[in-house]
Amino acid sequence: MRIKPYFLLTLCGLLLMAGTWTGCKSDAEKQLEEKNKELEDLRQLAEMDRREMENEYAQFAAQYGEMKKGIRDDSLVARLDAEQRRAQQLMEELKNLKATSAAEILRLKRELNTVRAVLRDYIRQVDSLQQLNQALIGERDAALEEADRTRRENSSISERNADLTERVAIAAQLNATGITIQPLKKNGKAARKSKDIKRFSISFTITRNVTAQAGNRKVYVRLMKPNKQVAAPSGNFEYEGRSIEYSAVKTIEYTGQEQHVTLYVDVSEFLSAGQYSAHIFVDGQMIGSNAINVEK
């Protein structure tokens, strides 16, 4: 069979066009594959960004939770709580976000920068507040220590003052010496027997004491009979918080110098033989005593 020349030319042209088309189709596929690879790389980067931001939001939420501990300022706690909820909300948005949502990822990145800046500001505020609290605690402790030191000093001063007051009181106390008890008859002469006694003369000397306050003093004599009862009770006076009887009383003007004093106790009752004792009191203190034996 003889092939015509024009048919060969046509066949050659078709084969040449087919080869050219095959070459073009291969280049397009390569470009498409490169584009898909670039998109996959971007998707993976976006996914990494999403996970990184999610971790940061979780850390921010946890930091806000830690900062709230130990803060007593209700207003500051409320603001920290609001920022913590905001960080948790943005974290939930990231969890539900697709890696291909580039605009949303970019928005949440900007939000992340804002949250980070706000967190830094609150960290400074909380740190400043804690430093202030520490300073106040230090001042409080110093004030308590100073108050305790002052209390101890005042207590020591009070004790010294009380001791000094007691010493002054003791030093100012009057003292009676040379106490004599003389039984007397009706005519004023000394009586030897109990049946002859009509009165007792009690004489003594109040010693010199410049520490004692000068002025009028009441001197009480309490004459005790052998049966331990008060002879010739004439009234009562206060001694150690109770009222007791006295036999005689006399007002003297004490000047701080030595002073001789005599008091008389009249008796109209029957007196037995035995020991009679006289106790002398001034300013609620017993300043001396003595005793004698009387014959029957």
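Below you will find a few notes about this structure.

Conventions we followed
- Here, residues in each chain are numbered from 1, in the same order as that chain's written sequence.
- Selection of residues for local features in this predicted model requires a pLDDT of at least 70, selection of side-chain atom pairs for listing and counting requires 80 or more, and totals for whole chains, interfaces and linings are taken over all residues.
- Side-chain calculation: all heavy atoms of the structure are included, whereas hydrogens and water are not.
- When a carboxyl oxygen of Asp or Glu lies within 4 Å of a side-chain nitrogen of Lys or Arg, that pair is called a salt bridge.
- Counting from the N terminus, the helices are the DSSP runs of H or I reaching at least four residues and the strands are the DSSP runs of E reaching at least two.
- Buried, partly exposed and exposed residues are distinguished by accessible area as a fraction of the type maximum, computed with a 1.4 Å probe on protein chains only: under 20%, between the cut-offs, and over 50%, respectively.
- Residue types Ala, Val, Leu, Ile, Met, Phe, Trp, Tyr and Cys, when buried and joined through side-chain atoms within 4.5 Å, form a set referred to as a nonpolar core.
- Whether two residues touch is decided by their heavy atoms; if any such pair falls within 4.5 Å, the residues are in contact.
- We call two strands paired when DSSP finds no fewer than two bridges between them.
- Structural elements are reduced to axes, namely lines fitted to C-alpha atoms, with helices fitted over the stretch in contact, and the angle between N-to-C directions of any two is expressed from 0 to 180 degrees.
- Any Phe, Tyr or Trp ring, taking Trp's six-membered ring, that has another such ring centre within 6.5 Å forms a pair; planes under 30 degrees apart are called stacked, those over 60 apart edge-to-face, and the others tilted.

Focus: the pattern of salt bridges
- A complete count under the given rule lists 11 salt bridges for this structure.
- Here Arg 85 and Asp 81 are joined by a salt bridge, their closest N and O atoms 2.2 Å apart. Taken together, the positions of Arg 85 and Asp 81, both in helix α2 (residues 74-95) and four residues apart, correspond to about one turn of that helix.
- Taking relative accessible area as the criterion, Asp 81 reaches 25% and is therefore assigned partly exposed.
- Counted as one network, the salt bridges with shared partners bring together Glu 146, Arg 149 and Glu 153.

Observations regarding the nonpolar core
- Core analysis: the largest hydrophobic core is formed by 30 residues, its most contacted members being Phe 200, Ile 202, Phe 204, Ile 206, Val 265 and Ile 280.
- Sorting the residues of this core by element identifies β1 (176-184), β2 (199-206), β3 (215-224), β6 (248-254), β7 (259-266), β8 (274-282) and β9 (285-294) as the ones contributing at least two each.
- Among all residues touching Phe 204, those that are not within four sequence positions of it are Ala 176, Thr 177, Gly 178, Ile 179, Val 219, Gln 259, His 260, Val 261, Leu 263 and Ile 280.

A look at the sheet that holds β9
- Taken in spatial order, the four strands of this open sheet run β6-β3-β8-β9, and their pairing is antiparallel. Since the sheet does not close on itself, it has two edges, and those belong to β6 and β9, each with one partner. The sheet shows a mean angle of 20 degrees between the axes of neighbouring strands, taken without regard to direction.
- Across nine bridges, β8 lies against β9 in antiparallel orientation. Across the sheet, residue Tyr 276 finds its bridge partner in β9, namely Ile 292.

Some points on the packing of aromatic side chains
- Summed over the entire model, instances satisfying the criterion amount to six aromatic pairs.
- Taking the centre distance of 6.2 Å and the plane angle of 50 degrees together, the rings of Phe 237 and Tyr 246 count as tilted. For the pair shown, Phe 237 and Tyr 246 are each scored as buried.
- Ring-pair connections join several aromatic residues into one group, and the members of that group are Tyr 220, Phe 237, Tyr 239, Tyr 246 and Phe 281.

Examining the sheet that holds β1
- If you trace the three strands from one edge of the open sheet to the other, you get β1-β2-β7, paired in antiparallel fashion. The open sheet terminates on both sides in strands that have one partner only, identified here as β1 and β7. Between one strand axis and the next, the sheet turns by 15 degrees as a mean value, whatever way the strands run.
- In this sheet, β2 lies alongside β1 in antiparallel orientation, the contact comprising seven bridges. Looking at β2, one finds that Pro 183 is bridged to Phe 200.

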